[in-house]
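Topology and contacts: notes
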Amino acid sequence: MKAPFRSALLALCAFALLAGQPVAAQDAQSETKPKFGPDAVPMTQDREHLRKSGAPDFWAMMPYYTAQQTGSACSVASVAMMINALRGLPPLSSNRLVTQTRVLNEVDDDGWKAATAENGDGVSFADFAGLVQKSVDAFGLDATVEVFRPKDTSPETLGELRRILDENERDDSDIILLAYDQGTLTGDATVGHIAPLGAYDAETHRVLVMDVDRLWYVPYWSSDEKLLEAMVKPDRSDPTGSGLIHVRLKGRTAG
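Residues numbered from 1 in each chain as written. Predicted model: local features only at pLDDT ≥ 70, side-chain atom pairs only at ≥ 80, totals over all residues. Heavy atoms only, no water.

**Quick word on the overall build of the chain**
Condition: Secondary structure is summarised from DSSP: a helix means a run of H or I of at least four residues, a strand means a run of E of at least two, and numbering begins at the N terminus for each. Each residue is assigned to one of three classes by its accessible area relative to the maximum for its type, calculated with a 1.4 Å probe on protein chains only: buried under 20%, partly exposed between the two thresholds, exposed over 50%. In what follows, a contact means two residues having at least one pair of non-hydrogen atoms within 4.5 Å. Computed by Shrake-Rupley with a 1.4 Å probe, the accessible areas treat only the displayed protein chains as cover when residues are assessed.
Looking only at helices and strands, the chain features 11 helices and seven strands. Considering the chain as a whole, with its 255 residues, one finds that 53% of them fall into the buried category. Long-range pairs, those at least 24 residues apart, make up 71% of the contacts in the chain with a sequence separation of at least 6. As displayed, the chain offers around 11700 Å² of accessible surface, 54% of which is attributable to carbon and sulfur atoms.

**Quick notes on the pattern of salt bridges**
Here is the rule: For this analysis, a salt bridge means a side-chain nitrogen from Lys or Arg found within 4 Å of a carboxyl oxygen belonging to Asp or Glu.
Summed over the entire model, instances satisfying the criterion amount to 17 salt bridges. Across the salt bridge formed by Arg 163 and Glu 167, the nearest N and O atoms sit 3.6 Å from each other. Of this pair, Arg 163 and Glu 167 both sit in helix α9 (residues 155–168), four residues apart, which is roughly one turn of that helix. By relative accessible area, Arg 163 is classed as partly exposed at 41%. Between Glu 229 and Lys 226 there is a salt bridge, with the nearest N and O atoms lying 3.2 Å from each other. Taken together, the residues Glu 229 and Lys 226, both in helix α11 (residues 224–232) and three residues apart, mark about one turn of the helix. Exposure remark for Lys 226: the relative accessible area of 18% places this residue in the buried category. Among the charged side chains, a salt-bridge network with shared partners connects Glu 146, Glu 160, Arg 163, Glu 167, Asp 174 and Arg 248.

**Brief notes about the packing of aromatic side chains**
Under the convention used in this document: Only centres within 6.5 Å qualify two rings of Phe, Tyr or Trp (six-membered ring in Trp) as a pair; their planes then separate them into stacked at under 30 degrees, edge-to-face at over 60, and tilted for everything else. Distance and angle both matter: a charge sits over a ring if NZ of Lys or CZ of Arg is within 6 Å of the ring centre and within 35 degrees of the ring normal.
Following the criterion strictly, the structure yields four aromatic pairs and no others. Where Phe 36 meets Tyr 220, the ring centres are 5.4 Å apart and the plane angle is 55°; that geometry is what we call tilted. In this pair, Phe 36 is assigned in the loop between α2 (23–31) and β1 (41–42) and Tyr 220 in strand β6 (residues 220–223), connecting sequence segments 184 residues apart. Residue Phe 36 is classed as buried on the basis of its relative accessible area of 12%. Centroid distance Tyr 217 to Tyr 220: 5.9 Å. Interplanar angle 70°. Geometry classified as edge-to-face. Taken together, the ring pairs in this structure connect Phe 36, Tyr 217 and Tyr 220 into an aromatic cluster. The cationic tip of Arg 206 hangs over the ring face of Trp 221; the distance from NZ or CZ to the ring centre is 4.7 Å.

**Some words on helix α6 (residues 100–107)**
Looking at α6, one finds that the buried residues are Gln 100, Arg 102, Val 103, Leu 104 and Val 107. Here the buried face of α6 lies against α5 (74–87), α7 (110–115) and α8 (125–138). At the exit of α6 stands Asp 108, carrying a positive phi of roughly 55°.

**Quick look at the packing of α5 against α6**
Rule in force here: Note on method: axes are straight lines fitted to C-alpha atoms, helices fitted across the in-contact stretch only, with angles between N-to-C directions ranging 0 to 180 degrees. Roughly parallel refers to an angle under 35 degrees, roughly antiparallel to one over 145, roughly perpendicular to one between 65 and 115, and oblique to any angle outside these ranges. Residues are grouped as follows: Ala, Val, Leu, Ile, Met, Phe, Trp, Tyr, Cys and Pro are nonpolar; Asp, Glu, Lys and Arg are charged; every other residue, Gly included, is polar.
At a closest axis distance of 8 Å, the pairing of α5 and α6 adopts a crossing angle of 90°. In terms of their interaxial angle, α5 and α6 are classed as roughly perpendicular. Residues Val 76, Ala 77, Val 79, Ala 80 and Arg 87 of α5 form the contact with α6, whose participating residues are Gln 100, Arg 102, Val 103 and Leu 104. For the contact of α5 with α6, the per-class residue count stands at six nonpolar, one polar and two charged.

**Digging into the confidence of the model for the chain**
Detailed reading of the predicted model is not advised wherever pLDDT is low. Inclusion rule: A score from 0 to 100, pLDDT tells how confident the predictor is in each residue.
Taken residue by residue, the chain gives an average pLDDT of 87. The fraction at 70 or more is 86%. Taken together, the stretch residues 2–26 has pLDDT below 50 and engages in 36 contacts with residues farther than four places along the chain or on a different chain.

**Examining α8**
Rules: An expected span of 1.5 Å times one less than the residue number is assigned to each helix. Each C-beta atom gives one direction from the helix axis, and the arc is the one those directions make.
The terminal C-alpha atoms of α8 lie 20 Å apart, and with 14 residues this matches the ideal 20 Å at 1.5 Å per residue to within 8%. When we look at burial in α8, the residues that qualify are Phe 125, Phe 128, Ala 129, Leu 131, Val 132, Ser 135 and Val 136. Along the axis of α8, the buried residues cluster in a sector spanning 165°; they form a single face. One or two positions beyond α8, positive phi appears at Gly 140, with a value near 70°.

**Some details on unusual backbone geometry**
Positive phi values are uncommon outside glycine, yet Asp 108 reaches one of about 55°. Relative to the helices and strands, Asp 108 resides in the loop between α6 and α7. Even without being glycine, His 205 reaches a positive phi, approximately 55°. The topology assignment puts His 205 in the loop between β4 (192–201) and β5 (206–209). The exposure class assigned to His 205 is partly exposed, which follows from its relative accessible area of 30%.

Put into structure tokens, the structure is as follows:
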């Protein structure tokens, strides 16, 4: 999935919304637009859950939090963070960390390389699930890869999403990779995107998205209801919406 070439997309959005206004008025409105829309709260403004809870996935991934290396490499950056977090810090000075380039080289999938190169088209959710499995295999992780692809925003589907998120929050033996419409959460351009789930606050029903689009964002909180809406929203590569990938180490259970 492709993160936006944002300067161009935002210019187009501004033109569409502000057509007919004087140039000075357009510039003024663009300059006063908040960094995040009303459905996202940056971690810099809200750290309470991370302070009062263990937040095991957040702390497992934080040392490896990285920026996608191209405008379409959100899938690769997310997988690199996931692999590093699940295998942990290598014990020897000769052991390398997992970089995005290494992920692509180890998996050696020409389609993935092309899709995530600069100006690439990104990957569809269906393709991403297979690439996550290939990545797990390439790095020798003894783990299962489970796919949750919601079809609607019904109370039943929301309940299932909350169950998955709550289970994942219990320890760092599993990592969730989210595939969703970025603009639904951030208030910016509508575009399919991938990022790791950093934490889940079951009391307030909020998710912490560790967005790898580091040119523009820091981790941000949004509601699980809004996340579900963002996952079922269709895009050009996935007209039936996206979902999440749950990677769980075998032999370790949450709780």
